[in-house]
Amino acid sequence: MDAQKIANQYLSANVEGQPFQQKGRANVIDDSPRLKIIGLGGMDGGGSKNMILVEYVNDAVILDCGNDLGVDLPGINYGIADTAYLESIRHKLRAYIITHGHLDHIGGLPHIVPKFPAPIYGSKFTIGRVEEIFANFGLPMPEGFELKTVTMNEDTHEKLKVGEFFVELVRITHSIPGSTCIVLDTPVGRVINTGDFRFDPNPLDHEKSDYDRLTELGNEGVLALLSESTTVERMGRTPSESSIEQTFVDIISNAPGRIFVGLFSTNMNRVQMIVNAAVHHNRKVAMDGRSMVSTLEMAIRHGFMKVPKGTFVPIASVPTMKDSDVVVVCTGSQGEPSSALQRMAGGEHRHIKLKEQDTVILSSTPIPESGNDALIGQMVDGLTKKGVHVFEARNHELDGVGPLHVSGHASRDEYADMITMTKPKFFIPIYGAYRVKQRHIELAIEQGIPRANTYNAENGEVMALTADKMTIEGEVPHGTILVDQTGAIVSNVVIKDRVLLSEEGLVAIVLTVDKRSGNLMTSPDIISRGFIYMRDNEELMNGLRAELKRAVGQRFKRVDLDRFKAEIKDHVTHYLFEHTQRSPIIIPVVNVISNTRGSDGKNTEVKTAAGGHTKTAEEVAAEQQKRFNEMRARLLTQDARID
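These numbers were taken from a predicted model, which means no experiment stands behind them.

Thresholds applied
- Residues numbered from 1 in each chain as written.
- Predicted model: local features only at pLDDT ≥ 70, side-chain atom pairs only at ≥ 80, totals over all residues.
- Heavy atoms only, no water.
- Helix = DSSP H or I, 4+ residues; strand = E, 2+ residues; numbered from the N terminus.
- Polar contact = N/O pair within 3.5 Å; in protein donor to acceptor, adjacent residues only side chain to side chain.
- Contact = heavy atoms within 4.5 Å.
- Salt bridge = Lys/Arg side-chain N within 4 Å of Asp/Glu carboxyl O.
- Buried < 20%, exposed > 50% of the residue type's maximum accessible area, 1.4 Å probe, protein only.
- Pairing = 2+ DSSP bridges.
- Axes fitted to C-alpha atoms, helices over the stretch in contact; angles between N-to-C directions.
- Phe/Tyr/Trp six-rings, centres within 6.5 Å; stacked < 30°, edge-to-face > 60°.
- Expected span 1.5 Å × (residues − 1).
- Arc of directions from axis to C-beta.

Colleague: Now, about the side chain of His396: what can you tell me, with residues and values included?
Modeller: Relative to the helices and strands, His396 is located in the loop between β18 (389–392) and α12 (412–422). Looking at His396, its side chain comes within polar contact range of the main-chain oxygen of Val401, at 3.0 Å. Residues in contact with His396, not counting those within four places in the same chain, are Val401, Gly402, Pro403 and Leu404.

In structure tokens, the structure reads:
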């Protein structure tokens, strides 16, 4: 039950494998066209696998299509939104419209777009990121699939027609270039999806949020505002990115040796800042981390980074350089197990061996609700043991340095500004935990939005809007599809077994039974993996063998083989739980050996299938016994934890 509860946090839409059937609604007579807004993902947790469907009559678009990197299950890399509902409306799908290029907004595209093809719309940088993840995706695309993208200019307020909708992108500041709000003009009214945002008054790239256009849209009329809610509980305003620039200059100036900076691979503005500081101190820059190098190459190719010629050097050349001549920018600020910085901390990096006098700067804070705090702490422990000085953004005051990180998300006053500028009739908080979205609703009410015009939606709920009314019209199938390291889909049933194996272990019971007499021919073989060390629990194992002998004698000849194995499994499960309070996975293996003597007690001859040659019963029995002994030997010599 505990394992099922853990696995059920990430259920797919069709738990029982049955096709979805829309629930009927009684006494519904109003069939006038409605605009349906459905969160297939992003309405729970910290706002992950973000994916919102907007549907009107015969047209539908998807706003963002991300993954959830915070799934903590054995062998699982991430989760994506279940697309069962899209099966029923695939003929309506006209486009995927993306707010920005973070994986929680684009990571689901390589899985979902090939199944439900439609063009992908976004800013220049966002489309560059989309093409990058498709190019680096580990699995082959279906035959005949062709990626179609549409690059939009967020500065010119161009509008493109998509089915019955008109799409516009509006520039907004975030922690990645090319971030935008989506403005969707529908036959019912205008819908704005803010994407992730903050209002940075002095961004490093000088690309400020388009306050004028947001205000203009509000004056023209906005039916519904879908506003991200990640950090609504943080008071005040988020500091500007430019406020941390001097800190890097100061640290590089005072550091005695090599400098390593860990940050998010997509934060190109931060990378630009570090490059500027390194050039100021005549240092070269090495980049490490596959995702970071890939994004950097794309950013330079599209003109989003300005780097003096000769600034970058290969990571392999760092060990041969003078310590005071290099800055390494790498992934791993969240303590990710396979990241560059984590490998350095563990002494497993191919090129870099950390040493005393090295300085590591973690230019980020743990992602909310990700559980990364412990990972970061373990990594910092490893770095500290090597004598490396570590500057953490969350401890910058303790270290006597300036700020090392600013959030990419707004604070409370900025969320209020978004509502004030756009003046929506209906307010729907998105991309956040339920409790945080409720705080956002209270903030919207303070800005003059009637409580009746707000709704804290959960994944799958259908919000139906007309020009004057918003109603909730049931649910569509929704859930999480789990993906492993190879990109393959993993069943929920497999996850439950993995959880059981990781927490309770496995016990295999091998019984060899004489078919004629129904008696055991050998003592039961018991194999334990991850359950108990059998040599330290001889009394328990001897008791289990005695129970198995009794069970075989009582039940083998009274029920069919499948029923017998099921009964053995239940019996062993109850016996072990009674004595250990643990419930490992039980695998019963029953080898039934046929009797080789005739009814008169004499040996009989058995003709082989090969034809012509006959074998005596003794020969047949000897072969069966030999095969059984070989199988038993293989099982019993695998590990010392067997008997």
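Colleague: So what about the environment of Pro256? Which residues, and what values?
Modeller: Within the secondary structure, Pro256 sits in the loop between α7 (245–254) and β14 (259–262). Spatially, the C-alpha atom of Pro256 lies 7.4 Å from that of Asp358, the residues being 102 residues apart in sequence. Excluding residues that lie within four positions of it along the chain, Pro256 makes contacts with Gln357 and Thr359.

Colleague: Quick rundown of the pattern of salt bridges? Include the residues and the values.
Modeller: Enumeration over the complete set of coordinates arrives at 28 salt bridges. Note that Arg190 is salt-bridged to Asp185, the shortest N-O span being 2.7 Å. When sorted by exposure, Arg190 lands in the same class as Asp185, which is buried. Of the charged contacts in the structure, one is a salt bridge between Arg550 and Glu547, with a shortest N-O distance of 2.7 Å. Placement of the pair is Arg550 and Glu547 together in helix α15 (residues 538–555), with a separation of three residues, close to one helical turn. Several salt bridges share partner residues, and in doing so they unite Lys159, Glu168, Asp185, Arg190, Arg213, Glu216 and Glu220 into one network.

Colleague: So what's going on with the side chain of Asn50? Which residues, and what values?
Modeller: Counting through the fold element by element, Asn50 comes out in the loop between β1 (35–41) and β2 (51–56). Residue classification places Asn50 among the buried residues on the basis of a relative accessible area of 0%. In terms of polar contacts, Asn50 uses its side chain to reach the side chain of His105, at 3.2 Å. With residues up to four places along the chain from it excluded, the contact list for Asn50 reads Gly41, Gly42, Asp64, Cys65, Gly66, Asp104, His105 and Tyr431.

Colleague: Got a sec to walk through the pairing of strand β25 (residues 525–529)? Specific residues and values, please.
Modeller: For a regular strand, side chains alternate in direction, first toward one face of the sheet and then toward the other. Across the five residues of β25, four count as buried, placing the element largely inside the fold. Two strands pair when backbone bridges link them, and strand β24 (residues 506–514) and β25 are joined in this way by five bridges, in the antiparallel orientation. Looking across to β25, one finds that Leu506 is bridged to Arg529.

Colleague: Go over the sheet that holds strand β6 (residues 93–97) with me, naming the residues and quoting the values.
Modeller: Sheet architecture is open: eight strands sit in the order β8-β7-β6-β3-β2-β1-β20-β21, paired in mixed fashion. The outermost strands of the open sheet, each flanked by one partner alone, are β8 (149–151) and β21 (470–475). Going from strand to strand, the sheet's axes swing by 25° on average, the running direction of each strand aside. Docked against the sheet, helix α5 (residues 124–135) engages β7 (120–122) and β8, running at close to 140° with respect to β7.

Colleague: So what about the packing of aromatic side chains? Which residues, and what values?
Modeller: Counted by the stated rule, this structure contains six aromatic pairs. When the centroid spacing of 6.3 Å and the interplanar angle of 20° are considered together, the rings of Phe134 and Phe145 count as stacked. A residue pair is termed long-range when its members are at least 10 positions apart, and Phe134 in helix α5 and Phe145 in the loop between α5 and β8 qualify at eleven residues. Each member of the pair, Phe134 as well as Phe145, carries the same accessibility label: buried. A centroid spacing of 5.3 Å and a plane angle of 55° characterise the contact between Phe197 and Phe199, whose relative ring orientation is tilted. Its relative accessible area of 0% is what places Phe197 among the buried residues.

Colleague: So what about unusual backbone geometry? Which residues, and what values?
Modeller: A positive phi angle, close to 60°, is found at His157, a residue other than glycine. One can find His157 in the loop between β8 and β9 (160–162). On the accessibility criterion, His157 (30% relative accessible area) is partly exposed. The backbone phi angle of Gln581 is positive, close to 60°, even though this residue is not glycine. Positionally, Gln581 belongs in the loop between α16 (561–580) and β26 (585–593). When its relative accessible area of 55% is taken as the criterion, Gln581 is described as exposed.

Colleague: I'd love a proper account of the sheet that holds strand β5 (residues 76–81), names of residues and values included.
Modeller: Spatially, four strands are ordered β4-β5-β22-β23 in an open sheet, and the strand pairing comes out antiparallel. A strand with exactly one partner marks an edge of an open sheet, and here the two such strands are β4 (67–68) and β23 (489–490). Pairing geometry for β5 and strand β22 (residues 480–484), over five bridges, is antiparallel. In the strand pairing of β22, Tyr78 is matched with Val483.

Colleague: Before we move on, could you go through the pairing of strand β3 (residues 59–63) and cite the residues and values that matter?
Modeller: Counting buried residues along β3, five of its five residues qualify, which places the element largely inside the surrounding structure. Residues Asp59, Val61 and Leu63 point to one face of β3 and Ala60 and Ile62 to the other, with burial holding for every one of them. Across five bridges, β2 lies against β3 in antiparallel orientation. Following the sheet pairing, Leu53 is matched in β3 by Ile62.

Colleague: Residues and numbers for helix α13 (residues 434–446), please.
Modeller: The periodicity of an α-helix, 3.6 residues per turn, causes residues three or four positions apart to be oriented the same way. Its 13 residues give α13 an end-to-end C-alpha distance of 19 Å, which sits within 8% of 18 Å, the value for a rise of 1.5 Å per residue. The complete set of buried residues in α13 reads Val436, Lys437, His440, Ile441, Leu443 and Ala444. Taken down its axis, α13 places every buried residue within 160° of arc, on the same side. For α13, the exposed residues set more than 90 degrees away from the buried face come down to Arg435 and Glu446. Elements that come into contact with the buried residues of α13 comprise β13 (222–228), α12 and β19 (424–430).

Colleague: Before we move on, could you go through α5 and cite the residues and values that matter?
Modeller: With twelve residues, α5 extends 17 Å from end C-alpha to end C-alpha; this agrees with the ideal 16 Å at 1.5 Å per step. The element α5 is extensively covered by neighbouring structure, given that nine of its twelve residues are classed as buried. Of all the positions in α5, only Phe125, Thr126, Ile127, Gly128, Arg129, Val130, Glu132, Ile133 and Phe134 are classed as buried. In this structure, the buried side of α5 is in contact with α3 (103–106), α4 (109–112), β7, β8, α8 (268–280) and α9 (290–301).

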